[in-house]
Amino acid sequence: MAGRCCLLKSVFTSIPLFYLSFFKAPISVCNKITSIQRRFLWAWGKDNRSIPWVSWENICKPLEEGGLGIKDIRKFNYALMAKWKWRLMSDEKGKWKDIMESKYLVESGINHVCLNSHSWWWRDLDRVCREGEGAGWFKKAIAWKVRSGDLVKFWEDS
């Protein structure tokens with residue numbers, strides 16, 4: 001069991017890593033990956049059905065909370081996509097950030113307008129950060145360091 005958990009954490013999570021970090025995976029794809037993970041964990045990869053002794057939600061909990069630390073693919077996808085938005089808001093410098101800000105007119109990091117003319121990637125990123133695990137979860141999870149105050153909107157930002 002320990003070997004299968006190790007393989008699930010290292011191999012089955014890292015294979016789709018690139019695609020999950022750039023694209024919002026459809027629910028059917030997330031469900032298929034989860035199905036493969038479950039079958040590997042409980043049935044050792046065999047086609048026959050076996051009895052899952054613990055719910056998948058408990059399996060996906062961190063080790064500290066009594067789970068096995070296996071990533072929930074859908075939440076992992078949301079986290080990887082939200083990382084792009086976080087990187088745009090951070091102090092990080094780079095050409096990619098200049099291009100994104102000029103193309104999508106990111107105002108103060110979080111408060112931007114998503115238009116139908118924007119790319120699928122940008123609209124998916126906006127949807128993930130707005131809807132995700134609850135309405136506005138991304139905006140609620142971040143806070144600003146005021147510093148000089150030229151990027152913070154006093155009455156609108158957390």
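Each remark here, short or long, concerns the structure printed above.
Residues numbered from 1 in each chain as written. Predicted model: local features only at pLDDT ≥ 70, side-chain atom pairs only at ≥ 80, totals over all residues. Heavy atoms only, no water.

Description of the packing of aromatic side chains
The final tally for this structure, using the stated rule, is 8 aromatic pairs. For the ring pair Trp-84 and Trp-121, a centre distance of 6.1 Å and an interplane angle of 80° mean the geometry is edge-to-face. Pair noted here: Trp-84 is in helix H5 (residues 73-89) and Trp-121 is in helix H7 (residues 120-130), with a separation of 37 residues, a long-range link. When sorted by exposure, Trp-84 lands in the same class as Trp-121, which is buried. Members of the aromatic cluster, each reached through a chain of ring pairs, are Phe-18, Tyr-19, Phe-22, Phe-23, Trp-84, Trp-96, Trp-121 and Trp-122. The side chain of Lys-71 reaches across the aromatic face of Phe-76, ending 5.4 Å from its centre. (Phe/Tyr/Trp six-rings, centres within 6.5 Å; stacked < 30°, edge-to-face > 60°. Helix = DSSP H or I, 4+ residues; strand = E, 2+ residues; numbered from the N terminus. Buried < 20%, exposed > 50% of the residue type's maximum accessible area, 1.4 Å probe, protein only. Lys NZ or Arg CZ within 6 Å of the ring centre and 35° of its normal.)

Looking at the environment of Asn-31
Secondary-structure assignment places Asn-31 in helix H3 (residues 27-43). The exposure class of Asn-31 is partly exposed, given its relative accessible area of 48%. Spatially, the C-alpha atom of Asn-31 lies 8.4 Å from that of Ile-73, the residues being 42 residues apart in sequence.

Focus: the nonpolar core
Side chains of nonpolar character tend, in soluble globular proteins, to be buried together. Ranked by internal contacts, the top residues of the largest apolar core, which has 15 residues, are Met-81, Met-100, Trp-121, Trp-122, Leu-125, Cys-129 and Phe-138. Looking at this core, the elements with two or more residues in it are H5, helix H6 (95-104) and H7. Leaving out residues up to four positions away in the same chain, Met-81 has contacts with Leu-20, Ser-21, Phe-22, Phe-23, Lys-24, Trp-121, Asp-124, Leu-125 and Val-128. Core analysis: the second largest hydrophobic core is formed by 9 residues, Cys-5, Leu-8, Trp-42 and Ile-59 among them. (Core = buried A, V, L, I, M, F, W, Y, C linked by side-chain atoms within 4.5 Å. Contact = heavy atoms within 4.5 Å.)

As for the packing of H5 against H7
Two quantities define a packed helix pair, namely the angle between the helix axes and the distance between the axes. Contact pair H5 / H7: the axes reach a minimum separation of 9 Å and the direction vectors enclose 100°. As far as their axial angle goes, H7 and H5 are roughly perpendicular. Between H5 and H7, the residues in contact are Tyr-78, Met-81, Ala-82, Trp-84, Lys-85 and Leu-88 and Trp-121, Trp-122, Asp-124, Leu-125, Asp-126, Val-128 and Cys-129, respectively. Of the residues assigned to the contact of H5 with H7, the class counts are 10 nonpolar, no polar and 3 charged. (Axes fitted to C-alpha atoms, helices over the stretch in contact; angles between N-to-C directions. Parallel < 35°, antiparallel > 145°, perpendicular 65-115°, else oblique. Nonpolar A, V, L, I, M, F, W, Y, C, P; charged D, E, K, R; others polar.)

Thoughts on H7
Most of H7 is tucked away, with 8 of its 11 residues classed as buried. Of all the residues in H7, the buried ones are Trp-121, Trp-122, Arg-123, Asp-124, Leu-125, Asp-126, Val-128 and Cys-129. Against helix H2 (17-22), H5, H6 and helix H8 (137-141) lie the buried residues of H7.

Describing the side chain of Thr-13
Following the sequence through the fold, Thr-13 ends up in helix H1 (residues 2-14). Residues within four places of Thr-13 in sequence aside, it is in contact with Leu-8, Gln-37, Lys-71 and Phe-76.

Remarks on H1
The terminal C-alpha atoms of H1, which comprises 13 residues, lie 18 Å apart, in line with the 18 Å expected from a rise of 1.5 Å per residue. Most pronounced at Leu-8, the bend in H1 amounts to some 35°. Burial in H1 covers these residues: Arg-4, Cys-5, Leu-8 and Thr-13. Those residues of H1 hidden inside the fold are in contact with H2, H3 and H5. (Expected span 1.5 Å × (residues − 1). Bend = angle between axes of the 7 residues up to and from the residue.)

Re a nonpolar patch on the surface
A contiguous nonpolar surface patch, about 250 Å² in accessible area, is contributed by Leu-7, Val-11 and Ile-15. Mapped onto the elements, Val-11 comes out in helix H1. (Patch = residues over 30% accessible without salt bridge, like charges linked within 9 Å, V, L, I, M, F, W, Y side chains within 5 Å. Areas by Shrake-Rupley, 256 points an atom, 1.4 Å probe, with all protein chains shown as cover. Salt bridge = Lys/Arg side-chain N within 4 Å of Asp/Glu carboxyl O.)

Structural notes on the packing of H5 against H6
Put simply, H5 and H6 touch, their axes get as near as 10 Å, and they point 95° apart. One finds that H5 runs roughly perpendicular with respect to H6. Along its contact with H5, which presents Trp-84, Arg-87, Leu-88 and Met-89, the element H6 presents Trp-96, Lys-97, Met-100 and Glu-101.

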